[in-house]
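Survey of secondary and tertiary structure
If you want the building blocks of each chain, they are given just below.
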Amino acid sequence: MITRVDDYLHSVPLSGAVAEQVGPFTLFRSTTIWPYYARPVPGAGATIEPSDVELVRKRCAELEIPLSFEWVVETCPSLGPAAAAAGLSVVEHPLLVLEAADFRPVVTDARCEILPADEAVIRQMRAAVNLAFGEGGTAVGNAGPAERDAAAAELGDALVETLLDRMRRGVSVNAGAFTEDGVVAGGTHQPVDSATEIVGVGTLPAMRRRGLGAAVTSALVQHALDNGVDLVLLSAESDAVAAVYERVGFHRIGSAGAAE
């Protein structure tokens, strides 16, 4: 299972990047408006040293792109210590998976649905998610519909067009939760063959503790399962956030590492 997850995570950046080998890593060079990262080559079994990290640092400097790494801790346990020794900030997050038989749909009083490639709707969804990550955690916060609308108006046109293009190409699928105030929660899944990752699930801070994140996740899982996916994965910000996904049927299989 964890090998399959690692292989998926090595494939999904290719919807917006080209791959270049740098030592024991694949460096994903972005072809879109956001940066990507380097990953250890799946199955290589390499022991990563600080000098390997420095090879990627040098190449990123040549390309004038940010230096960052992502990996599955259990398949490459040496990368975290090597990255820390090379002076990078290292974090680990719960890595969870869901198989079809474990799916437990969650419903709420909001309407949850897969979103169309409509600019106004996608602006609201992205703004809601951005505000959610700006006030991390699961506690009820301050930002609500008014702040979402202000943030939506400020989103760059290039970002919005990129999101719409990815939807049209089928490399990302977005879901949202709606109340009378519009989109109040959202999230995305990114299918590659029969696996997908759920990313960027967030609820407007003022609307938390209503099951909206779990309901949006359920809508994304249902869409994935209805379209040939049999393995869904995600990484959670914390154990508290992981508990939200466990309500839907996810279980932890390891940790996702990140360094920058």
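These lines cover the structure that appears in this document, whether it is placed above or below. (Residues numbered from 1 in each chain as written. Predicted model: local features only at pLDDT ≥ 70, side-chain atom pairs only at ≥ 80, totals over all residues. Heavy atoms only, no water.)

Helices and strands together make up the secondary structure of the chain, namely eight helices and 11 strands. Against the compact-globule benchmark of 18 Å for 260 residues, the chain has a radius of gyration of 18 Å, which places it among compact chains. Overall, the chain is about 55 × 40 × 35 Å in size when its C-alpha atoms are taken along their principal axes. For the chain, the proportion of its 260 residues judged to be buried stands at 49%. Sequence separation of at least 24 residues holds for 73% of the intrachain contacts in the chain that already meet a minimum separation of 6. For the chain, the accessible surface area stands at approximately 11500 Å², while carbon and sulfur atoms represent 50% of it. (Helix = DSSP H or I, 4+ residues; strand = E, 2+ residues; numbered from the N terminus. Rg over C-alpha atoms; globule rule 2.2 N^0.38 Å. Buried < 20%, exposed > 50% of the residue type's maximum accessible area, 1.4 Å probe, protein only. Contact = heavy atoms within 4.5 Å. Areas by Shrake-Rupley, 256 points an atom, 1.4 Å probe, with all protein chains shown as cover.)

Glancing now at helix α6 (residues 157–169). With 13 residues, α6 should reach 18 Å at 1.5 Å per residue; the first-to-last C-alpha distance of 18 Å fits that figure. Regarding α6, the residues found buried are Leu159, Val160, Thr162, Leu163, Leu164, Arg166 and Met167. Looking one or two residues beyond α6, the residue adopting positive phi is Gly170, at roughly 80°. (Expected span 1.5 Å × (residues − 1).)

This paragraph deals with the pairing of strand β10 (residues 231–235). Of all the five residues making up β10, four are buried; the element is thus mostly covered by neighbouring parts of the structure. Examined bridge by bridge, strand β9 (residues 195–203) and β10 share three bridges and lie parallel to one another. Of the residues in β10, the one forming a bridge with Glu197 is Leu233. On the question of chirality, the crossover connecting β9 to the parallel β10 by way of helix α7 (residues 212–226) is right-handed. (Pairing = 2+ DSSP bridges. Right-handed = clockwise from strand over helix to strand, strands pointing away.)

Once that is clear, we can look at the nonpolar core. Ile198, Val221, Val232, Val248 and Phe250 are the most contacted members of the largest nonpolar core, which totals 32 residues. Elements that contribute at least two residues to this core include exactly β5 (90–99), α4 (119–134), β7 (173–179), β8 (182–192), β9, α7, β10 and α8 (239–246). Considering each element in turn, this core owes the most residues, seven residues, to α7. If sequence neighbours within four positions are ignored, Val221 has contacts with Leu98, Phe103, Ile198, Val232, Val248 and Phe250. One finds Leu27, Ile48, Phe69 and Ala86 within the second-largest nonpolar core, a separate group that totals 19 residues. (Core = buried A, V, L, I, M, F, W, Y, C linked by side-chain atoms within 4.5 Å.)

The interhelical angle for the contact between α4 and α6, taken along N-to-C directions, is 110°, at an axis separation of 10 Å. The orientation of α4 with respect to α6, classified from their angle, is roughly perpendicular. Taking contact as the criterion, the partners of Glu119, Ile122, Arg123 and Arg126 in α4 are, on α6, Asp157, Leu159, Val160, Leu163, Leu164 and Met167. Here the contact of α4 with α6 is composed, by residue class, of six nonpolar, no polar and four charged. (Axes fitted to C-alpha atoms, helices over the stretch in contact; angles between N-to-C directions. Parallel < 35°, antiparallel > 145°, perpendicular 65-115°, else oblique. Nonpolar A, V, L, I, M, F, W, Y, C, P; charged D, E, K, R; others polar.)

As a further point, take α8. Within α8, burial applies to Val241, Ala242 and Tyr245. Around the axis of α8, the buried residues are gathered within 105° of arc, so they sit on the same side. Structurally, α8 contributes buried residues whose contacts are with β5, β9, α7 and β10. (Arc of directions from axis to C-beta.)

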